[in-house]
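Here are the chains, one letter per residue:
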Amino acid sequence: SGFAEKGEDHEALHCYRLMQSEGFFPDVVTFICILKVCGPMGAIEEGLQIHGEIINRGNLLDKDVVLGNALVDMYARCGMLVEACKVLKSLHVRNVVSWSALIAGYAQQGQGHEALECWEQMQREGFLPNAITFTSILKACGSVSAKEEGKWIHNQTIISDLATDMEIGSALVDMYAHCGSLIDAHGVFDKLSNRDCVLCSTIISACVHHGHCSTALKVFMKMEEDQIKPDKVTLLCVLKACSSIRNVVQGRRIHDLIVKSMYELDVYIINTLVDMYSKCGSL
């Protein structure tokens, strides 16, 4: 559990194997901890083995919903969504966490329609979505350009008093951006007070993608005013904006920021800088 909480997954798995080699049988808590480790690692062989042990121990899934949720989450994170769905349907007791794990798995794999089907089934069963559910389903809506469903879900986040949550806000901006609705994306963005680099990068990238490069640069300047430090993704996006509108003055200023930020040796940054200066005619 200690290794798992610290993200030291390989060490946790090693401890689990040592425990078994010394003849100790894992209990429900052990199974939950090790399943949480297998998911992020993509350790599907170990996950399958643990699933088998759970069934052999009298199918503990019938008695513990948290264990069932951990198993659904493990399969979903490993991309085995058919298995994740089978486990969820086999659970005698399931809750919003069970459904959220499966929806998140479909969203991560770009299977937006399947995620939306799960969302509808979850609601038919009377479960209210939580912040994780909203974040995942908004990602799914963006992946399939389901703007109308996304708008309805946006309204649900407002009713649930979660629309100002940073992760949900970022997911809303990203969803609207993927659906090509920059006005709605900006509407959400402007209402969020605690903006961070990821959120700013999302709206900047959307503006560049849809050809609103001057707006992208304005957002970047506001980001600087708010003293939000840009990361590599932000810098790449604003350089592309400069290239598109041939703004070499801003391009040189961003080049200075890149040097100060110690990104000048990154190959992607170098390529984008060369491209920007070339398109601006500054050979």
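In this text, all values refer to a predicted model and were calculated from it rather than measured experimentally.

Engineer: Explain the state of the cysteines here, please?
Structural biologist: Following the criterion strictly, the structure yields zero disulfides and no others. Here Cys15 is not cross-linked by a disulfide; its sulfur's nearest cysteine counterpart is in Cys33, at 11 Å. We classify Cys15 as partly exposed; its relative accessible area is 35%. Here Cys38 stays unpaired: no disulfide links it, and the sulfur of Cys78, its closest cysteine neighbor, is 7.1 Å away.

Engineer: Help me understand helix α9 (residues 131–143) in this model?
Structural biologist: With 13 residues, α9 should reach 18 Å at 1.5 Å per residue; the first-to-last C-alpha distance of 19 Å fits that figure. For α9, the full list of buried residues reads Thr133, Phe134, Ser136, Ile137, Leu138, Ala140, Cys141 and Gly142. Buried-residue contacts for α9 involve α7 (96–108), α8 (112–124), α10 (147–159) and α11 (166–178).

Engineer: Hey, could you run me through the pattern of salt bridges in this one?
Structural biologist: It is possible for side chains bearing opposite charge to pair when their charged atoms get close. With the rule as written, the count across this model stands at nine salt bridges. For Arg17, the salt bridge identified is with Glu46, shortest N-O distance 2.4 Å. On the criterion of sequence distance, the pair formed by Arg17 in helix α2 (residues 9–21) and Glu46 in helix α4 (residues 44–56) is long-range, its members being 29 residues apart. A salt bridge links Glu125 to Arg94, with the shortest nitrogen-to-oxygen separation between them at 2.8 Å. Residue Glu125 is located in the loop between α8 and α9, and its partner Arg94 is located in the loop between α6 (81–90) and α7; the two are separated by 31 residues in the primary sequence. Overall, Arg94 belongs to the partly exposed group, its relative accessible area being 22%.

Engineer: I'm lost on the nonpolar core in this one. Help?
Structural biologist: Most often, soluble globular proteins have nonpolar side chains that are buried together. By size, the foremost hydrophobic cluster in this structure holds 87 residues, and its most contacted members are Leu102, Ile204 and Ile254. The residues contacting Leu102, other than those within four sequence positions of it, are Val72, Leu81, Ala84, Cys85, Leu88 and Cys118.

Engineer: Please explain unusual backbone geometry as it appears in this structure.
Structural biologist: Glycine aside, a negative phi is what most residues show, and trans is what most peptide bonds show. Within the chain, Gln227 stands out as a residue other than glycine whose phi angle is a positive 60°. As for its position among the elements, Gln227 is in the loop between α14 (213–225) and α15 (232–244). Its identity as a non-glycine residue notwithstanding, Arg246 has a phi of 55°, on the positive side. Relative to the helices and strands, Arg246 is located in the loop between α15 and α16 (248–260).

Engineer: It is not clear to me how the packing of α11 against helix α13 (residues 197–209) should be interpreted in this structure. Could you clarify?
Structural biologist: Two quantities define a packed helix pair, namely the angle between the axes and the distance from one axis to the other. Between α11 and α13, the least distance of the axes is 10 Å, while the angle of their chain directions is 5°. Our classification of the angle between α11 and α13 gives roughly parallel. For the pair α11 and α13, the contacting residues are Met166, Gly169, Ser170, Val173, Asp174 and Ala177 in the first and Val198, Leu199, Thr202, Ile203 and Ala206 in the second. Classifying every residue of the contact of α11 with α13 by side-chain character gives seven nonpolar, three polar and one charged.

Engineer: So what exactly am I meant to see when it comes to the packing of α9 against α11 here?
Structural biologist: Viewed as axis vectors pointing N to C, α9 and α11 meet at an angle of 10°, and their least axial separation amounts to 8 Å. With respect to α11, the element α9 is oriented roughly parallel. Of the residues in α11, those in contact with Ala131, Phe134, Thr135, Leu138, Cys141 and Gly142 of α9 are Glu167, Ile168, Ala171, Leu172, Met175 and His178. In the contact of α9 with α11, the residues fall into eight nonpolar, three polar and one charged.

Engineer: Can you walk me through the side chain of Ser98 in this structure?
Structural biologist: Mapped onto the secondary structure, Ser98 falls in helix α7. Relative accessible area serves as the criterion here: at 0%, Ser98 is assigned to the buried category. Among residues more than four places away in sequence, those in contact with Ser98 are Val65, Asn69, Val72, Leu88 and Leu91.

Engineer: Any chance you could explain the packing of aromatic side chains here in plain terms?
Structural biologist: Describing an aromatic ring pair means giving the distance of the ring centres and the angle of the ring planes. A full pass over the atoms with the stated rule returns two aromatic pairs. With centroids separated by 6.0 Å and ring planes inclined at 50°, the aromatic side chains of Trp119 and Phe134 adopt a geometry described as tilted. Placement of the pair is Trp119 in helix α8 and Phe134 in helix α9, with a sequence separation of 15 residues. Across the pair, exposure class does not vary: Trp119 and Phe134 are buried alike. Measuring from centroid to centroid gives 6.5 Å for Trp119 and Trp152, while their planes differ by 80°, and the two rings are edge-to-face. A residue pair is termed long-range when its members are at least 10 positions apart, and Trp119 in helix α8 and Trp152 in helix α10 qualify at 33 residues. Overall, the relative accessible area of 41% leaves Trp152 in the partly exposed class. One residue, Arg195, lies across the ring of Phe189, its end atom 4.5 Å from the ring centre.

Conventions used here
- Residues numbered from 1 in each chain as written.
- Predicted model: local features only at pLDDT ≥ 70, side-chain atom pairs only at ≥ 80, totals over all residues.
- Heavy atoms only, no water.
- Disulfide = S-S within 2.5 Å.
- Buried < 20%, exposed > 50% of the residue type's maximum accessible area, 1.4 Å probe, protein only.
- Helix = DSSP H or I, 4+ residues; strand = E, 2+ residues; numbered from the N terminus.
- Expected span 1.5 Å × (residues − 1).
- Contact = heavy atoms within 4.5 Å.
- Salt bridge = Lys/Arg side-chain N within 4 Å of Asp/Glu carboxyl O.
- Core = buried A, V, L, I, M, F, W, Y, C linked by side-chain atoms within 4.5 Å.
- Axes fitted to C-alpha atoms, helices over the stretch in contact; angles between N-to-C directions.
- Parallel < 35°, antiparallel > 145°, perpendicular 65-115°, else oblique.
- Nonpolar A, V, L, I, M, F, W, Y, C, P; charged D, E, K, R; others polar.
- Phe/Tyr/Trp six-rings, centres within 6.5 Å; stacked < 30°, edge-to-face > 60°.
- Lys NZ or Arg CZ within 6 Å of the ring centre and 35° of its normal.

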